[in-house]
Amino acid sequence: LNKTKLWKVLKYQPSPNQLKVHDSAARFRVNVQGRRSGKSYSAAKEILPYLLTPNKRIWIAAPTLDLADKIMREVKIDVITKLRLPIAYKKEISGAVHYMKLAGLNSEISVKSADRPETLVGDGIDCLIIEEAAKIRKIVWEQYLRPTLADRQGWALFTTTPEGYNWIYDLWQRGKSEEFPDWESWQHPSTESPYFKDDIEELKKTLTRETYEQEFLAQFTSFSGRVFPYDRTVHTRKLKYNPNLPTYCGIDFGYRTSAAGFFQVDSRRDKDKVYLIDEVWEENIKTEDFADKIKAKPYPMIRYFGDPAGGGVQAQSGIGDIEIFKKKGIRVDFRRDKVSRNIPNGISHMRTWFEDAAGNPHFFVDNKCKRFISSFENYRYPEKKKDQRLKEEPLKDGLNDHACDATRYLFVNLFPIRSRTAGVIDF
C-alpha cells in the first residue's frame, strides 16, 4: 500500500522527524526519542500499511503488555473505527486487544510481553515493533525476538527513550556506522516534537540534569546516585595484554548471570594502575561451563579471586561453585574477614581507583569489555523515598551487580582494606 495515501485518509501528518523514520529503507531502525514526543503514535502508523497487505504477520513487543497496548490501541482505532475494516477474529483481555486478524487479507497482529519470553517462540513474522526497547533485556532481543525475523526476512523498529548506556546504545551506534548498512538510527529530543506540550523550564527546575537529559533530550547518559564515577572519555581505552604485567581474575558466581574480569596491575608508579583487559559475562550458564570459558582465555593467571559464598553447596550438584572450579584446575581465593566482605567498604575502596581525591583515575577498561563498562555506568543505589532510610548497599538488579561484584573481589583481595569505615554514598 501507498503509505502517504493511507495516511491522508487517516488525516495523519507526520512531523519531519517522524518522516525520516517512515522513509527509511533500513531493515533495522532504532528510533530514540524523548518522552511524550509521538514515537509510539508514529510506530502505529508505520505498522498499518503492512497490516493491510495480504498474508503479513506483525508483532508489537514491549516490556509489559500495558506498554504494547499503547500502540495496539491506536491500530485498533484506525482499523475498526476509522477504516471500518472487517475483522475475522480478535482476542481481547479486559478490553485490550491482544490479537487481531483481518478478514480477507489473512494478515494478523499480536501484542507480546518481553517479561514472558516463552511466549515469544513461534512462527516467523514480517514486522516487529519493540516499544520502550531500552527496558527489555538484551537476551530477549537476541535469543527470542531476532530469530522470528529470519524465515520471512522481516524488519524491526525499535522505539525507545534511552536507559543509560545499555545495549540499545550499541544498536543505536550500529545505525550510525557504515559497517552496518541494514541499520539506521535517529535521536530526537521531545522539544522537537509537535506533540510535546510540557513546560520545559518547569521540567528543568524539578528534575535532575541527568533525568532531564535522558527522558526529554533523549541523550544517553549516566545518572547521579550511581555507584561509580565511571566516565567513558576517561576510563575507557584501547588496551591489550601486556606480558610484562601480572594478570588476575575476579569472579562472581551467579544463579542467573555469571561474570569474570581479567585484570593487569602496573606497580611501576607511585600508585598502582589497574587495567581490565577482558571479560566473560554469561547468562544461565552451568558452573562447569563458566569455568571452561575462563580457562579458555589465553592469559597466564597469577591468582583468581571470588565470592566466599561460592563455597556453599549447590542443590543440583551437591558441591559448591568454588569446589567445581577446583576440579577444573582453578583455585579461587577469597577473604573471610568482615571488613573485606562488607559491600559498602568494598565499594568505597574501589572508588579510589576510579577517581582519587585529586580527581585522577587509576583504573582503565578496554573498550571491548562492554558488559563491565555498562555495569560500572548503571550500577546504582535505590531511590530514596520520603521518610525512608537510605540503604548503603546498591541495588541487586541481577544485571549490573555481577560485573561490579567480580571487580570488587579483585580489589579487596589484591589491595587489602586498611580502613574500617564504610563508604559514604555520594549523590
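Residues numbered from 1 in each chain as written. Predicted model: local features only at pLDDT ≥ 70, side-chain atom pairs only at ≥ 80, totals over all residues. Heavy atoms only, no water.

## Notes on the pairing of strand β12 (residues 273–283)
- For β12, the tally of buried residues reaches 10 of 11 residues, placing the bulk of the element in the interior.
- Here β12 runs beside strand β15 (residues 363–366); their pairing, made up of three bridges, is parallel. Each bridged residue has a counterpart across the sheet, and for L276 the counterpart in β15 is V365. (Buried < 20%, exposed > 50% of the residue type's maximum accessible area, 1.4 Å probe, protein only. Helix = DSSP H or I, 4+ residues; strand = E, 2+ residues; numbered from the N terminus. Pairing = 2+ DSSP bridges.)

## Quick word on the sheet that holds strand β8 (residues 183–188)
- On the basis of which strands lie adjacent, the open sheet formed by eight strands has the order β3-β4-β5-β2-β6-β7-β1-β8 and mixed pairing. The open sheet has two edge strands with one neighbour each: β3 (87–93) and β8. Sheet twist, expressed as the average angle between the axes of neighbouring strands with direction ignored, equals 15°.
- Here three bridges tie strand β4 (residues 96–102) to strand β5 (residues 108–113), and the two strands are oriented antiparallel to one another. The residue bridging Y99 from the neighbouring strand is S110, located in β5.
- Contacts from helix α3 (residues 39–51) reach β1 (28–33), β2 (57–62), β4, β5, β6 (127–131) and β7 (155–160), with the element oriented near 165° to β7. (Axes fitted to C-alpha atoms, helices over the stretch in contact; angles between N-to-C directions. Contact = heavy atoms within 4.5 Å.)

## A word on the pairing of β15
- Alternating positions in β15 separate into two faces, F363 and V365 on one and F364 and D366 on the other, with burial throughout.
- Where strand β9 (residues 236–237) and β15 come together, two bridges link them in parallel fashion. Note that in β15 the partner of R237 across the bridge is D366.

## Points about the environment of A156
- Residue position: A156 is located in strand β7.
- The spatial distance from the C-alpha of A156 to the C-alpha of S185 is 12 Å, given a sequence separation of 29 residues.
- Leave out the neighbours within four places in its chain, and A156 touches R27, F28, R29, L128, W141 and L149.

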